Amino acid sequence: MRHLRSALAATIAFCALLFPGIAHTQTLQDPALTVGTLPNGMRYYLRVNRTPAHRVEFRLAVNAGSVLEDKDQRGFAHFLEHMAFNGTRRFPKNTLVDFIETSGMRFGADLNAYTTQDETVYMLTLPTDDRAIVEKGLDVLQDWASGGITIDSSEVVAERGVVMGEWRMRLADTASQTIAAHYDSLWFGDSRYPLRKPIGDTTLIETAEPGPIERFYHDWYRPDLMAVVVVGDFDAAAMQKEIVQRFGKIPAATHPRPRRQPVVTARTAPEIDVYAGKVSPKVEVLWPVLPEPSAVAARYRQQLVDYLLQQDLQRRLLAIRERPSRPFITADVENGRVVRPIDVAGFSLIAWPDSLTRGLGAVLTEIARLEQHGPGESVLAHEKEELLRSLESASASELARPSRSYADAYVAHYLQGEGPLLSPEQELALARKILPTLTSAVLAQSARRLWGTRSGEKVFVQLPLYSHVRAPTRSELRALLDSIARTPVAPDSMRGYAESPLLDHPPTPGKITSERRDTVAGITEWTLSNGARVIVKPSSNDPDQLLMRAWSPGGFSVTPDSLFFTPGRMVAKMMTDAAGLGSRDHDAMQDQFATTGVRHLAVHIGFADEAIDLDGSPKSLETLFQTLYLQFTAPKLDTAAVHSWASLAKWRGTGFSFDDQLDQILARGESRLLPVSTQLAELVSVNDAMAVYRNRFGNAADFTFTLVGAVTPAQVRPLVERYLASLPSTGAHEQPKPLDVVPFRGQIERTSRVLELPKAQTVLVFDGVLPNDPARYLGARRAIGALTTVLQDRVRIRLREELGGTYSPAVIARTYELPDDTTSSEHYRVLLEFDSAPERMRPLFHEVQHILDSLRANGATTDELARAATIRRRQLETALQDDHYWLEAIGLYHRLGIPLDSIPRSYDPAPLTPGELREAARRYLPADVFIHLTAMPHDTSVGSAMR
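Every value quoted in this text rests on a predicted model; they were computed, and no experiment measured them.

### A short note on the overall build of the protein
A count of helices and strands for the protein gives 29 helices and 25 strands. In terms of overall size, the protein behaves like a compact globule, its C-alpha atoms giving a radius of gyration of 29 Å where 947 residues would be expected to give roughly 30 Å. Taking the principal axes of its C-alpha atoms as reference, the protein extends roughly 80 × 80 × 65 Å. Out of the 947 residues in the protein, the part that is buried amounts to 56%. A separation threshold of at least 6 residues defines the contact pool for the protein, and within that pool the share at least 24 residues apart is 82%. Entry remark: accessible area of the protein is about 38800 Å², with carbon and sulfur atoms responsible for 53%. Computed over 105 positive and 115 negative side-chain charges, the inter-centroid distance for the protein is 2 Å.

Given below as structure tokens:
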């Protein structure tokens with residue numbers, strides 16, 4: 001489900017600009033964007049956007065998905081999407097992927113597509129500092145849109161296994177499949193939707209031939225059902241000319257097959273379904289929403305009303321969840337689209353099996369309260385202020401909004417129907433006019449109109465078989481719904497917001513005792529009188545963003561046994577999810593954050609460090625510093641908050657996970673390396689949790705505070721002295737405690753028969769130590785980056801493209817700190833993972849071994865290494881435009897003693913040589929030291945596959 005908050009925050013739009021021969025409609029729209037309709041019926045959206053610089057986002061949106069398939073085409077809308085990457089008129093075979101990766105982009109991340117029942121969308125990201133690359137990108141879109149996808153027998157046969165690999169990867173467990181099929185019958189009845197899932201009929205896929213695929217392509221990929229979206233850093237006039245010339249010459253369909261929207265029969269009577277099985281105890285209530293008005297202002301007004309009502313209901317549910325006698329574990333408002341004809345609103349809740357009807361009654365009562373009385377005026381005033389702050393932030397950050405976000409929004413606009421498209425500034429201006437007219441009485445009336453009748457309401461109740469609780473009958477649930485709908489409910493007179501400063505008395509300031517400036521990186525470093533250090537990196541990437549991190553070495557490695565071996569070590573998660581600050585509990589603190597520009601606060605304690613992360617608006621600079629100060633000195637964690645958090649944590653079950661197995665193996669018997677589990681959440685005491693917290697955050701002397709964002713050292717200097725230099729300090733500086741464990745050696749191979757489904761999964765892990773010297777460390781990271789890029793490409797080409805054995809093999813590399821008895825605390829980990837049919841797992845893994853042997857023996861070709869170097873350069877170009885990247889890089893370089901001015905020039909443009917890559921493969925992907933884990937089905941009939 002999507003929530004309205006994201007819809008409002010993501011609202012963008014366009015204003016049509018004149019171009020000869022183009023039909024257009026002009027209304028209240030974003031003036032930064034051009035939209036047009038070509039004579040053949042194709043639509044286009046064009047917007048210049050400089051974030052990130054030197055990049056363009058291409059989209060081809062096709063208003064056709066699997067619901068339009070004929071009986072002999074089930075699964076072929078999606079199959080056609082696959083074929084689009086296997087060859088086109090101007091890019092035969094795999095040269096399309098070669099072009100993408102030679103330009104420095106990646107298949108998957110920058111070249112991808114998706115198919116739903118209603119639509120198909122192709123996505124392509126390219127650099128714009130090379131005109132030839134942009135021209136080829138337009139060639140790709142033009143081939144896709146004009147009948148240029150190659151659909152021959154050999155390619156179709158080769159792709160069968162890849163599509164089956166995707167089916168296998170997305171295959172849900174048996175219980176989930178049963179539940180999904182059951183709910184499909186309730187939602188869709190005799191509609192085509194449940195019979196036309198995108199993945200289709202596996203029997204047809206395994207015997208796919210070109211004919212039915214070509215027929216789908218011919219029938220539905222035509223100009224009147226397509227739109228081209230182009231957003232990025234380019235010349236608008238030149239790009240518009242290219243679009244008109246290229247896509248305008250595609251012939252219109254002469255005898256188009258009617259594109260009829262499948263009908264889902266509307267039911268006015270409520271439908272109640274009670275399902276008992278292998279499920280969590282849950283209730284979901286959904287009802288169809290009214291269509292939005294077509295006029296811009298009226299449509300936006302309804303969006304604001306919907307948002308305020310849902311926001312108020314969500315807050316009521318959160319408040320109920322915090323009560324000691326709460327009737328449910330958690331409850332959430334829902335709003336979204338099931339399929340194109342069905343938009344829904346409603347709620348879901350998880351409760352104890354014997355409290356399902358009680359929880360349902362509690363939520364319905366709050367809905368009735370809103371319908372009868374609306375929000376209280378003081379509450380509504382706060383919620384409108386919060387909404388305005390969010391819109392102001394979106395307007396201030398408009399220049400920092402990435403092109404990908406704009407492009408995806410335009411695709412949604414084209415495919416989901418015409419509607420108001422406003423710039424953030426226009427949206428804010430409209431909201432300032434509309435919000436004063438939305439009183440509590442107006443919202444109550446709107447709630448009755450939107451929620452009161454709930455025609456076509458569906459009530460889904462899930463009850464676990466093991467619960468030994470009698471399932472409620474449909475008549476009992478119907479009676480509950482009717483009773484609450486007819487009963488007067490008292491207004492909520494207890495809810496309100498206390499507006500007061502975070503701090504009654506600001507602390508006495510400390511001092512900045514020394515300063516150092518790095519003019520290359522644009523960084524200022526301060527040492528404070530309490531021993532703490534501060535790093536300030538001004539950035540213009542986002543005018544309304546400031547990231548703050550307080551980081552210290554130590555972590556659980558130095559926590560006393562008396563504190564570590566208690567459930568209190570879960571305190572970081574509790575501080576993030578349940579704690580308040582000062583006199584305010586968690587909910588009150590979140591309410592205050594919403595109107596003061598604080599967007600995110602998180603606490604972390606790991607094996608070797610601890611940290612506090614804060615994200616907010618520079619317009620609320622002092623509030624951000626006060627929040628960080630209070631998180632150190634006055635976190636509020638009480639018994640009620642802990643119990644509420646624990647009850648929710650208890651229901652977060654975990655299934656089989658390679659990560660769990662790896663954690664067990666790589667911990668090598670050291671309990672402090674295992675991740676914190678919430679299984680013991682109910683045993684947590686406030687005293688234990690606060691003792692662990694004070695142990696890790698009670699001394700500011702060894703903390704480094706990093707600030708990255710739209711601030712200057714002069715702006716933050718007085719706040720640093722008042723709120724950071726004044727933090728309590730013992731003067732002590734910790735270092736993580738090295739592990740007293742035997743270094744990882746040898747080979748570990750394990751096969752687990754734990755899967756219920758007809759698929760196998762495998763992961764190959766290389767884990768080791770990096771050089772201690774900063775220069776050699778950076779060289780090692782560069783070598784591992786190139787190595788994993790080459791390995792990813794070879795595995796994809798061999799296992800997916802040539803053998804059709806898997807859908808999405810992945811090679812992932814990361815580095816991390818792990819103090820042990822080696823000469824370095826820096827380690828690396830490379831994971832190679834894929835899934836397949838059980839009977840193919842062993843031969844595919846042997847192919848992987850051959851690829852690794854070849855890299856160790858011969859390295860890579862000069863073309864592969866040049867491609868890897870270009871990809872790294874392109875990644876760094878966009879990374880340097882991201883404040884989060886700077887925050888992470890500053891922390892890493894500072895911890896390792898690497899000069900911070902190395903961050904913007906960390907890329908070595910010269911590719912590695914084949915010999916250097918060969919040595920890197922031998923060192924970091926050794927043939928005799930690895931972990932290999934495989935998961936197979938319970939069914940032992942496929943046991944020979946791994947022998």
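### Some words on the packing of aromatic side chains
Taken as a whole, this structure holds 25 aromatic pairs when the rule is applied. The interplanar angle of 50° and the centroid separation of 5.8 Å between the aromatic rings of Phe-632 and Phe-705 together place this pair among those described as tilted. Of this pair, Phe-632 sits in helix α20 (residues 621–633) while Phe-705 sits in strand β20 (residues 704–709), placing them 73 residues apart in sequence. Note on Phe-705: relative accessible area 1%, which makes it buried. Its guanidinium or amino end placed over the ring of Tyr-406, Arg-401 lies 4.6 Å from that ring's centre, counting from NZ or CZ.

### Here we look at the pairing of strand β1 (residues 33–37)
Working note: regular strand, side chains alternate between the two faces of the sheet. Where burial is concerned, most of β1 is hidden: 5 out of the 5 residues are buried. A two-sided burial pattern is seen for β1, the buried positions comprising Leu-33, Val-35 and Thr-37 on one face and Thr-34 and Gly-36 on the other. Note that β1 and strand β2 (residues 43–48) share 5 bridges and pair antiparallel. Residue pairing for β2: Thr-37 is matched across the bridge by Arg-43.

### A word on α20
Here α20 contains 13 residues, and its C-alpha end-to-end distance of 19 Å stays within 8% of the 18 Å for a straight helix at 1.5 Å per residue. The buried count for α20 comes to 11 of 13 residues, which makes it a mostly enclosed element.

### Observations concerning the sheet that holds strand β3 (residues 55–62)
Spatial strand order, β1-β2-β6-β3-β5-β4: 6 strands in an open sheet with mixed pairing. Edge positions in the open sheet fall to β1 and β4 (111–115), since each of these has one partner strand only. Each neighbouring strand pair of the sheet contributes to a mean axis angle of 10°, computed without reference to strand direction. Where β4 meets strand β5 (residues 120–127), 5 bridges bridge the pair, whose relative direction is antiparallel. Across the sheet, the residue bridging to Leu-111 is Leu-124, located in β5.

### Topic: the pattern of salt bridges
Taken as a whole and assessed by the stated rule, the structure comprises 76 salt bridges. In this structure, the salt-bridge partner of Arg-215 is Asp-70, at a minimum N-O distance of 3.3 Å. With Arg-215 in helix α8 (residues 210–220) and Asp-70 in the loop between β3 and α2 (76–83), this pair connects stretches of sequence that are 145 residues apart. Since its relative accessible area comes to 30%, Arg-215 is described here as partly exposed. With a shortest N-O distance of 3.0 Å, Arg-299 and Glu-292 are connected by a salt bridge. A relative accessible area of 16% means that Arg-299 is categorised as buried. The partly exposed category is assigned to Glu-292, whose relative accessible area is 30%.

### Side note on the environment of Gly-580
On the secondary structure map, Gly-580 appears in strand β16 (residues 580–581). The exposure class of Gly-580 is buried, given its relative accessible area of 3%. When the C-alpha positions of Gly-580 and Leu-637 are compared, they lie 6.5 Å apart, and in sequence the two are 57 residues distant.

### Comments concerning the side chain of Ser-446
Looking at where Ser-446 falls in the secondary structure, it is placed in helix α15 (residues 440–452). What makes Ser-446 buried here is its relative accessible area of 8%. Setting aside anything within four residues of it in sequence, one finds Ser-446 in contact with Val-305 and Leu-309.

### Comments concerning the environment of Leu-309
Relative to the helices and strands, Leu-309 is located in helix α10 (residues 296–321). Overall, the relative accessible area of 0% leaves Leu-309 in the buried class. As for Leu-309 and Leu-370, which are separated by 61 residues in sequence, their C-alpha atoms are 8.0 Å apart. Residues within four places of Leu-309 in sequence aside, it is in contact with Leu-370, Leu-443, Ser-446, Ala-447, Leu-450 and Trp-451.

### Remarks on the confidence of the model for the protein
Looking at the protein, pLDDT values average 89 and 94% of them are 70 or higher. When the criterion is pLDDT under 50, residues 1–26 qualifies, and its contacts beyond four places in sequence or with other chains add up to 82 contacts.

Parameters at a glance
Residues numbered from 1 in each chain as written. Predicted model: local features only at pLDDT ≥ 70, side-chain atom pairs only at ≥ 80, totals over all residues. Heavy atoms only, no water. Helix = DSSP H or I, 4+ residues; strand = E, 2+ residues; numbered from the N terminus. Rg over C-alpha atoms; globule rule 2.2 N^0.38 Å. Buried < 20%, exposed > 50% of the residue type's maximum accessible area, 1.4 Å probe, protein only. Contact = heavy atoms within 4.5 Å. Areas by Shrake-Rupley, 256 points an atom, 1.4 Å probe, with all protein chains shown as cover. Lys, Arg positive; Asp, Glu negative; His and termini not counted. Charge placed at Lys NZ, Arg CZ, Asp CG, Glu CD. Phe/Tyr/Trp six-rings, centres within 6.5 Å; stacked < 30°, edge-to-face > 60°. Lys NZ or Arg CZ within 6 Å of the ring centre and 35° of its normal. Pairing = 2+ DSSP bridges. Expected span 1.5 Å × (residues − 1). Axes fitted to C-alpha atoms, helices over the stretch in contact; angles between N-to-C directions. Salt bridge = Lys/Arg side-chain N within 4 Å of Asp/Glu carboxyl O. pLDDT = per-residue confidence, 0-100.

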